[in-house]
Amino acid sequence: MEKSRFIGLECIRCGEIYSDPQITVCRTCGDVLTGKYDLTGLKINIKEQKHSIWNYVPVLPPVLPENQFSLDEGDTPYVRLENYGSMIGAGNIWAKLEGCNPSGSFKDRAASVEVSLAKQWKCAGIFTASSGNAAAALAAFAARARLKCLILVREDSTLSKLEQISAYNPRIVRVKKLFTNKQTLMESLKRVETLLPGWRNGFVWAPFNPLAADGVKTISYEISSKKVPDYVFVPTAGGDLLFSIFKGFSELKNMNLIDKMPKIVTVQGDNASPLVQALEKNLDHVEETGTPSTIAGALRVNFGANHAIKAIKESGGFGISVSDREIENAQKNLAELDGIFAETSSAAALAGVEKAIRNGRVQKDATISVILTGTGFKEYQFNQSELKGIELLDSVNDLKVY
Ligand SMILES: [Zn+2]
């Protein structure tokens, strides 16, 4: 049986390595940690179909088989956007359909790691603060593992999101001012940690849980089973997804399983773009920006972490921001032209591809991967007025043929 090649947690800034997998941030410089694995002589057949992230055990945190909780997450479709590509004059755009994961988003890859670690470390329960994909994923995997789960949501969370989370039956608590800024969020999570000793803080973000990224990096392993793209466009909030994708490709390159690194591009909303702004100012850290505003709910952030900047710079990528109008158009065109219904946050990444090609930042013949993070069903709120646009007949005898 293959075992984890986990060595320890390594600081992305000062390089300090900690053998204890339960440390969260660097004790020397305070920066983000990431799992380090011994890749020497490791043979991973990336051409082989692998259902469930736990088929990549050597490059995942150490968890005994009986504590690995999976819903066959991962192994999501990778589809060429032929018609959308034609529309914008680009022939090689490939979409990773992460909405096909069990709870409908890429967060299942992280949640599988988080919940499995909680079982491995014999935690009494797991909690997080989220109103969206991370909460649904964590609650789903906690249900699977029969682990107690507490989800803190913001007061103004929409019913459509709460409905899915509720289905898995965690304890849900609405909290006023939960996400006011980075500081209130950090303080809230720390407070719950002290109130619930023995529980795992499952907030899916590297400054709290550096090992979740190792579940998410399997996206890069799967993409590499086809062809390494020139660019990967990633919709970005806290930066974990982007960093994970960079990390996955870096490991594959280190193992000589691929011969080049793709350039990683972050896409954020025009008025929620702390990472893009930091790149434009050539900073090595993300500064907190003003009140964030974008139609893409999962991208509505005004802070970030340094691991994403490092990933973009080292890969030779860049940052781009898109307007609400561009996001809505991308979402509509993706569904109408290629039959894929993605959430707005995913569509933002595609809007970024379109803009980058229009601006000449990316060549039309480049091979581009775009990560469509979640299904459109996640946030879709059908209202009665939309029925007016749909024909209603007494019987099919009245159907007009055209
Ligand atoms: Zn450090």
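Here, the structure is the one placed above.
Quantities reported herein were computed from a predicted structural model and do not represent experimental measurements.

A. Inspection of the overall build of the chain at higher detail. The secondary structure content of the chain amounts to 12 helices and 13 strands. Its C-alpha radius of gyration of 21 Å places the chain within 12% of the 21 Å reference for a compact globule of 402 residues. Counting only C-alpha atoms and orienting by the principal axes, one finds that the chain spans roughly 70 × 45 × 45 Å. Expressed as a percentage of the 402 residues in the chain, the buried residues total 55%. Counting only contacts in the chain whose residues sit at least 6 apart along the sequence, the fraction spanning at least 24 positions is 69%. Total accessible area on the chain is roughly 18000 Å²; 49% of this is exposed by carbon and sulfur atoms. Within the chain, one finds 47 positive and 45 negative side-chain charges whose respective centroids are separated by 4 Å.

B. Region of interest: helix α10 (residues 306–315). Most of α10 is tucked away, with 7 of its 10 residues classed as buried. In the stretch just after α10, G316 is the one whose phi turns positive, near 85°.

C. Region of the structure containing the sheet that holds strand β9 (residues 199–201). Here 4 strands make up an open sheet; going across it, the order is β8-β7-β6-β9 and the pairing parallel. Single-partner strands in this sheet number two, and they are β8 (171–175) and β9. Each adjacent strand pair in this sheet contributes to an overall mean axis angle of 20°, direction not counted. Sheet topology places strand β7 (residues 148–154) next to β8; 5 bridges connect them, and they run parallel. Following the sheet pairing, V153 is matched in β8 by R174.

D. The packing of aromatic side chains, seen in detail. Taken as a whole, this structure holds 8 aromatic pairs when the rule is applied. Between F6 and Y37, the aromatic rings sit 5.7 Å apart at their centres with planes inclined by 70°, giving edge-to-face as the arrangement. Of this pair, F6 sits in strand β1 (residues 6–11) while Y37 sits in strand β3 (residues 33–37), and the two are 31 residues apart along the sequence. Residues F6 and Y37 agree in their burial class; the two are buried.

E. Expanded view of a nonpolar patch on the surface. There is a patch of nonpolar side chains on the surface, built from F341, F377, Y380, F382, L387 and I390 and spanning about 640 Å² of accessible area. Position of F382 among the secondary structure elements: in the segment after β13 (368–372). Residue classification places F382 among the partly exposed residues on the basis of a relative accessible area of 48%.

F. Up close: the packing of helix α8 (residues 240–254) against α10. Taken N-terminus to C-terminus, the directions of α8 and α10 make an angle of 40°; their axes are 8 Å apart at the nearest point. Overall, the two elements α8 and α10 adopt an arrangement that is oblique. Handedness of the crossing formed by α8 with α10: left-handed. Here D240, L242, F243 and F246 of α8 come into contact with α10, specifically with H307, A308, A311, I312, E314 and S315. By residue class, the composition of the contact of α8 with α10 is 6 nonpolar, 2 polar and 2 charged.

G. Layout of the pairing of β7. Among the 7 residues that make up β7, 5 are buried, leaving the element largely enclosed by the rest of the structure. Pairing analysis gives 5 bridges linking strand β6 (residues 125–129) to β7, with the strands arranged parallel. Bridge pairing in β7 places F127 opposite L150. Regarding the hand of the β-α-β motif, the stretch spanning β6, helix α3 (residues 133–144) and β7 is right-handed. Crossover handedness for the path β7 to helix α4 (residues 159–167) to β8: right-handed.

H. Quick peek at the coordination of the zinc ion. Protein coordination at the zinc ion comes from C11 (SG), C14 (SG), C26 (SG) and C29 (SG), with a distance range of 2.3 Å. All donors of the zinc ion belong to a single chain; written as a sequence motif, their spacing is C-x2-C-x11-C-x2-C. Of this pair, C14 sits in the loop between β1 and β2 (17–18) while C26 sits in the loop between β2 and β3, placing them 12 residues apart in sequence. Judged by its relative accessible area of 39%, C14 falls in the partly exposed class.

I. Structural detail: the packing of helix α11 (residues 324–338) against helix α12 (residues 344–358). Viewed as axis vectors pointing N to C, α11 and α12 meet at an angle of 100°, and their least axial separation amounts to 8 Å. With respect to their mutual orientation, α11 and α12 come out roughly perpendicular. Facing E326, I327, A330, Q331 and L334 of α11, the residues of α12 in contact are T344, A347, A348, L350, A351, K355 and R358. Partitioned by chemical class, the residues of the contact of α11 with α12 number 7 nonpolar, 2 polar and 3 charged.

J. How the structure looks around the side chain of S225. Note that S225 resides in the loop between α7 (218–224) and β10 (231–235). Look past the residues within four positions of S225 in its chain and what remains in contact with it is I46 and K47.

K. Here's a closer look at the environment of S224. Its place among the elements puts S224 in helix α7. You can call S224 buried: its relative accessible area is 4%. In contact with S224, other than residues within four places in its own chain, are I46, K47, F249, L252 and I258. Reaching out from S224, the side chain makes a polar contact with the backbone oxygen of S220 at a distance of 2.9 Å.

Conventions and cut-offs
Residues numbered from 1 in each chain as written. Predicted model: local features only at pLDDT ≥ 70, side-chain atom pairs only at ≥ 80, totals over all residues. Heavy atoms only, no water. Helix = DSSP H or I, 4+ residues; strand = E, 2+ residues; numbered from the N terminus. Rg over C-alpha atoms; globule rule 2.2 N^0.38 Å. Buried < 20%, exposed > 50% of the residue type's maximum accessible area, 1.4 Å probe, protein only. Contact = heavy atoms within 4.5 Å. Areas by Shrake-Rupley, 256 points an atom, 1.4 Å probe, with all protein chains shown as cover. Lys, Arg positive; Asp, Glu negative; His and termini not counted. Charge placed at Lys NZ, Arg CZ, Asp CG, Glu CD. Pairing = 2+ DSSP bridges. Axes fitted to C-alpha atoms, helices over the stretch in contact; angles between N-to-C directions. Phe/Tyr/Trp six-rings, centres within 6.5 Å; stacked < 30°, edge-to-face > 60°. Patch = residues over 30% accessible without salt bridge, like charges linked within 9 Å, V, L, I, M, F, W, Y side chains within 5 Å. Salt bridge = Lys/Arg side-chain N within 4 Å of Asp/Glu carboxyl O. Parallel < 35°, antiparallel > 145°, perpendicular 65-115°, else oblique. Left-handed = near helix turned anticlockwise from the far one by under 90°. Nonpolar A, V, L, I, M, F, W, Y, C, P; charged D, E, K, R; others polar. Right-handed = clockwise from strand over helix to strand, strands pointing away. Donors = N, O, S within 2.8 Å, 3.2 Å for Na, K, Ca; no water. Polar contact = N/O pair within 3.5 Å; in protein donor to acceptor, adjacent residues only side chain to side chain.

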